[in-house]
Structures are given as structure tokens and as C-alpha cells.
Amino acid sequence: YDKVVAECVAVATHRHGCCVLQRCLDHADGGHRDAIIAEIVRHAPKLVVDPFGNYVVQYILELKTPELTHAIVQALQGGFAELSLQKFSSNVIEKCLKSGDAEVISMVARELTSARSLSTLLHDPFANYVMQTLITVSSDDEVALLVERIQPHLASLRSTLYGKRIQAKLLRRCPKLR
């Protein structure tokens, strides 16, 4: 297990290594497991953009342990908008939102709704799924803020496939927008 800790990034970003790392998490004793998790959290920003490393971070999120979810989210904080635009990391951001943790959802929602790249997020092939999930899992107040921020972009939402999906999700959540 010590070698896995020492080579965490190399193992996590390897096609087969990411599976080996997940099995190590399943079978390691408390101390070794904590050391592996600490390395995954420390390197989360690098791992989430990797085709294999993102699965290791998602695996940690799937443990449904609030402290670990918070640690991952804090490691990624400040980068949610950029990460939402990328194929692999967008899946991790969605999984953070689906954690059901109100504090996590709020943290991600605040960052995405205030992003300078909001228009891009609404029309992006990957980020639009993050935005749809945000609409689904956010509190009424967070959705109201999102609607307020999206308002200037509503007309352009109708003109793209991804925008139409977000608009449909918003209309289901907020029927008064019709």
C-alpha cells in the first residue's frame, strides 16, 4: 500500500491502475486507506481531468462520506466552471452535486451562477449536464438566483440543443417562467 500512496497519481491515471487503486481502497486497513484517500484528495484537481483518474475521485465520492465529499469539493473549489467544461471532470462535478449534501450543492451553485463563463456553461456539450443537474438538485433559492442570472441568456438557450435542454429543465422546475 505504501507504493500506491507514493505513486498515487501514476497509478490512478493508468488504465488498469485506476481499478487497482479502487481495490486497494476496498481492502486496505484504516491507516493505509486514509493515506491513499489523502493523496487522492491532494491530487484531485489533476486526477479529475484525467480519463482514468476521474474514476478514482468519483469512487471516493461514491463512498457517500460527507467529510470526504467536502474534502474533494474543497480541493476543486475555484475551478468548478472550468472543470464543468471538460469531458472527464464534468462527470465529477455532477457527482458532487448528486451527493445530496446541501453545503456542497450550495458551494458549487454559488460558483457556477457567478461564473463569468455562464453563457458558455449553458451551451457547452459537457457543462450543460452539470447545469441541468444543478437545476434539479439546488434549493429553490439557488434556482431563483440561477434563473435571475440566466435571464439575459434565455433567448440564446432556444437556439442550441444544449440550451434547449437547460430551458426545458428550468421550465419543469419553475413553471411560472412560461
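Just above, that's the structure.
Residues numbered from 1 in each chain as written. Predicted model: local features only at pLDDT ≥ 70, side-chain atom pairs only at ≥ 80, totals over all residues. Heavy atoms only, no water.

A. The arrangement of the overall build of the chain in detail. Secondary structure summary: the chain contains 15 helices and zero strands in total. Overall, the chain is about 55 × 25 × 25 Å in size when its C-alpha atoms are taken along their principal axes. Relative to its 178 residues, the chain shows a buried fraction of 48%. As displayed, the chain offers around 8900 Å² of accessible surface, 54% of which is attributable to carbon and sulfur atoms. Measuring between centres, the 21 positive side-chain charges of the chain sit 11 Å from its 19 negative side-chain charges. (Helix = DSSP H or I, 4+ residues; strand = E, 2+ residues; numbered from the N terminus. Buried < 20%, exposed > 50% of the residue type's maximum accessible area, 1.4 Å probe, protein only. Areas by Shrake-Rupley, 256 points an atom, 1.4 Å probe, with all protein chains shown as cover. Lys, Arg positive; Asp, Glu negative; His and termini not counted. Charge placed at Lys NZ, Arg CZ, Asp CG, Glu CD.)

B. Focus on unusual backbone geometry. For Lys64, which is not a glycine, the phi torsion comes out positive at approximately 55°. In this structure, Lys64 sits in the loop between α6 (53-62) and α7 (66-76). A residue is classified by how much of its surface remains accessible, and Lys64, at 57% relative accessible area, is exposed.

C. Focus on the pattern of salt bridges. Counted under the stated rule, the structure contains five salt bridges. Two residues, Asp26 and Arg23, come together in a salt bridge whose shortest N-O distance is 3.0 Å. Residue Asp26 and its partner Arg23 are located together in helix α3 (residues 17-27), separated by three residues, close to a single helical turn. By relative accessible area, which is 39% here, Asp26 ends up partly exposed. Relative accessible area serves as the criterion here: at 39%, Arg23 is assigned to the partly exposed category. Close ionic contact of Glu39 with Arg42 constitutes a salt bridge, the shortest N to O distance being 3.0 Å. One end of the pair is Glu39 and the other is Arg42, both in helix α4 (residues 30-42) and three residues apart, which spans about a single turn. In this structure Glu39 comes out as buried when scored by relative accessible area, which is 15%. (Salt bridge = Lys/Arg side-chain N within 4 Å of Asp/Glu carboxyl O.)

D. Representation of the packing of α3 against α6 in the model. As a packed pair, α3 and α6 sit with axes 9 Å apart at the nearest point and diverge in direction by 25°. It follows from the interaxial angle that α3 and α6 lie roughly parallel. Helix-helix and strand crossings are classified by hand; for α3 and α6 the assignment is right-handed. Mapping the contact onto sequence places Cys18, Leu21, Gln22, Arg23, Leu25 and Asp26 in α3 and Tyr55, Val56, Tyr59 and Ile60 in α6. Its residues assigned to classes, the contact of α3 with α6 comprises seven nonpolar, one polar and two charged. (Axes fitted to C-alpha atoms, helices over the stretch in contact; angles between N-to-C directions. Parallel < 35°, antiparallel > 145°, perpendicular 65-115°, else oblique. Left-handed = near helix turned anticlockwise from the far one by under 90°. Contact = heavy atoms within 4.5 Å. Nonpolar A, V, L, I, M, F, W, Y, C, P; charged D, E, K, R; others polar.)

E. Spotlight on the state of the cysteines. Counted under the stated rule, the structure contains zero disulfides. Lacking any disulfide linkage, Cys19 is separated from the closest cysteine sulfur, that of Cys18, by 4.1 Å. Using a relative accessible area of 40% as the deciding quantity, one classes Cys19 as partly exposed. (Disulfide = S-S within 2.5 Å.)

F. Spatial organisation of helix α13 (residues 140-150). For α13, the full list of buried residues reads Glu142, Val143, Leu146, Val147 and Ile150. Down the axis, α13 shows its buried residues gathered within 140° of arc, on one side only. Structural note: α13 exposes Asp141 and Glu148 on the side pointing more than 90 degrees away from its buried face. Buried positions along α13 lie against α10 (102-113), α11 (118-123), α12 (127-137), α14 (154-157) and α15 (161-173). (Arc of directions from axis to C-beta.)

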